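Coordinate analysis (summary)
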Amino acid sequence: MNTQIFPLPNRADLEISVPSREASQTIGALLVGAGHLAPENVQRILDYQKKAGLLFGEAGVAMGLLEEEDVQRALALQFGQTYLAPDSGLGNELIAATDPNCAAVEHLRALRSQLMLRWFENDARQAALAVVSPGSGEGRSYITANLAVLFSQLGKRTLLIDADLRRPRQHHIFGLPGRIGLSSVLAGRAGWDAVCEIKPLPGLWVLPAGAIPPNPQELLARPGFAKLIQALRASYDVILVDTPAAENCADASTIATRAGAALMLACRDATSVPRVSALAEDLRQFGVTIVGAVLNGAARA
Ligand SMILES: Nc1ncnc2c1ncn2[C@@H]1O[C@H](COP(=O)(O)OP(=O)(O)OP(=O)(O)O)[C@@H](O)[C@H]1O
Ligand SMILES: [Mg+2]
């Protein structure tokens, strides 16, 4: 992925962890526990690590005793990241969980840091953030899903609401049945149990869109949606909301207005500046705070 964030993030905000010698021993224990390293080889690696001035994982890989992939997984675990195997049953778009060390996820972490400063810690009244963009296929669902994973990895109780009641995708990304969801709650046919806990990703919950209703705009414009967001704010630290393309219907403005804050997404080579500006202006007129803009370089728009 080639996601650029404007303004450019302060590199000091990125979470870069350098394992200490003590941490290396824990990595050894983690690798032994996971069955990737024989206990008798831990000391051999530590000795070689000292001699060669390498990190534990590097030394183990250099000695042919460890696989790079297993070291990355142990490091991720050690530093509190969830590391899912790509075949975990969740969709393969959740790179924040399946490939937490790749450059694309580093960009998303920088975006998370920006959001923490500009949105989350700045104004507690804007507890929900709608991810919006003018056109179809610009990457809203992908970015929202991965950001939600990253917020949950910070220890924030995170809820992702799929408010795209026209072409919902979050149930697919998170491997949920998706029959019951927001549309059912707004229609009064379901309650809190429509919110799904994502067990492999602690601290993350998803309210899928549910069955596609015939009247999405009406459902979202009802006071029930605003009340729902207010009520959910009491239970979650972070609420991210996926939206449909803003140019195709009024849903995105309605959702962003209820949320109070929006993250603007633009797709490289697909979203023109005037379209983004027009949407930003519309949202501002509805009183929505645009907390930032992201240029998504890899969406298949
Ligand atoms: N940064 C990215 N890196 C890799 N793939 C991406 C990226 N952003 C989006 N995609 C891919 O592009 C496609 C469209 O993305 P997505 O569904 O998130 O867009 P959308 O704006 O939500 O579209 P829709 O208008 O259908 O709601 C998906 O297959 C997604 O996996
Ligand atoms: Mg989408």
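Predicted model only: the values in this text are computed from it and were never measured.

A word on the overall build of the chain
When helices and strands are counted, the chain shows 13 helices and eight strands. Relative to its full complement of 301 residues, the chain shows a buried share of 45%. Here the contacts in the chain between residues at least 6 apart in sequence split such that 75% fall between residues at least 24 apart.

With respect to the pairing of strand S8 (residues 289-296)
Bridging between strand S7 (residues 260-267) and S8 involves seven bridges; their strand directions are parallel. Within S8, the position partnered with Ala262 by the bridge is Ile290. Between the parallel pair S7 and S8, the chain is carried across by helix H13 (residues 273-285), and the sense of this crossover is right-handed.

Describing the nonpolar core
As a rule of thumb, soluble globular proteins bury nonpolar side chains together. Within the largest apolar cluster, 71 residues are counted, with the highest numbers of intra-cluster contacts made by Leu129, Ala130, Val132, Val241, Ala259 and Ala262. Among the elements that line this core, the one with the most residues is helix H7 (residues 140-153), at eight residues. The residues contacting Leu129, other than those within four sequence positions of it, are Trp119, Leu240, Val241, Ala259, Ala261, Ala262, Leu263 and Val291. If you look at the next biggest cluster of nonpolar residues, it comprises 11 residues, including Leu37, Phe56, Val71 and Ala74.

Topic: the environment of Ser253
Its location among the elements puts Ser253 in helix H12 (residues 251-259). In sequence terms Ser253 and Thr243 are 10 residues apart; their C-alpha atoms lie 9.0 Å from each other.

A short note on H12
When you tally the buried positions in H12, you get eight out of nine residues, the bulk of the element. Residues Asp251, Ala252, Ser253, Thr254, Ile255, Ala256, Arg258 and Ala259 constitute the buried set of H12. Packed against the buried residues of H12 are strand S2 (128-132), helix H10 (216-221), helix H11 (223-233), strand S6 (238-242), S7 and H13. Where H12 ends, the next residue or the one after it, Gly260, has phi of about 95 degrees, a positive value.

Re the confidence of the model for the chain
Residues with a pLDDT of 70 or more make up 83% of the chain, whose mean pLDDT is 84. Mean pLDDT across the secondary structure elements of the chain bottoms out at strand S1 (residues 3-6), with 41, and peaks at strand S3 (residues 158-162), with 97. Between residues 1-25, whose pLDDT stays under 50, and residues either more than four places distant or in other chains, the model counts 39 contacts.

Structural notes on H7
Taking 1.5 Å per residue as the helical rise, H7 with its 14 residues ought to reach 20 Å, and the 20 Å between its terminal C-alpha atoms agrees with that figure. Immediately beyond the C-terminal end of H7, within one or two residues, lies Gly155, with a positive phi of roughly 90 degrees.

Cut-offs applied
- Residues numbered from 1 in each chain as written.
- Chains lettered and ligands numbered in written order.
- Predicted model: local features only at pLDDT ≥ 70, side-chain atom pairs only at ≥ 80, totals over all residues.
- Helix = DSSP H or I, 4+ residues; strand = E, 2+ residues; numbered from the N terminus.
- Buried ≥ 20, exposed ≤ 12 C-beta atoms within 10 Å, placed from the backbone.
- Contact = placed C-beta atoms within 7 Å.
- Pairing = 2+ DSSP bridges.
- Right-handed = clockwise from strand over helix to strand, strands pointing away.
- Core = buried A, V, L, I, M, F, W, Y, C linked by C-beta atoms within 7 Å.
- pLDDT = per-residue confidence, 0-100.
- Expected span 1.5 Å × (residues − 1).

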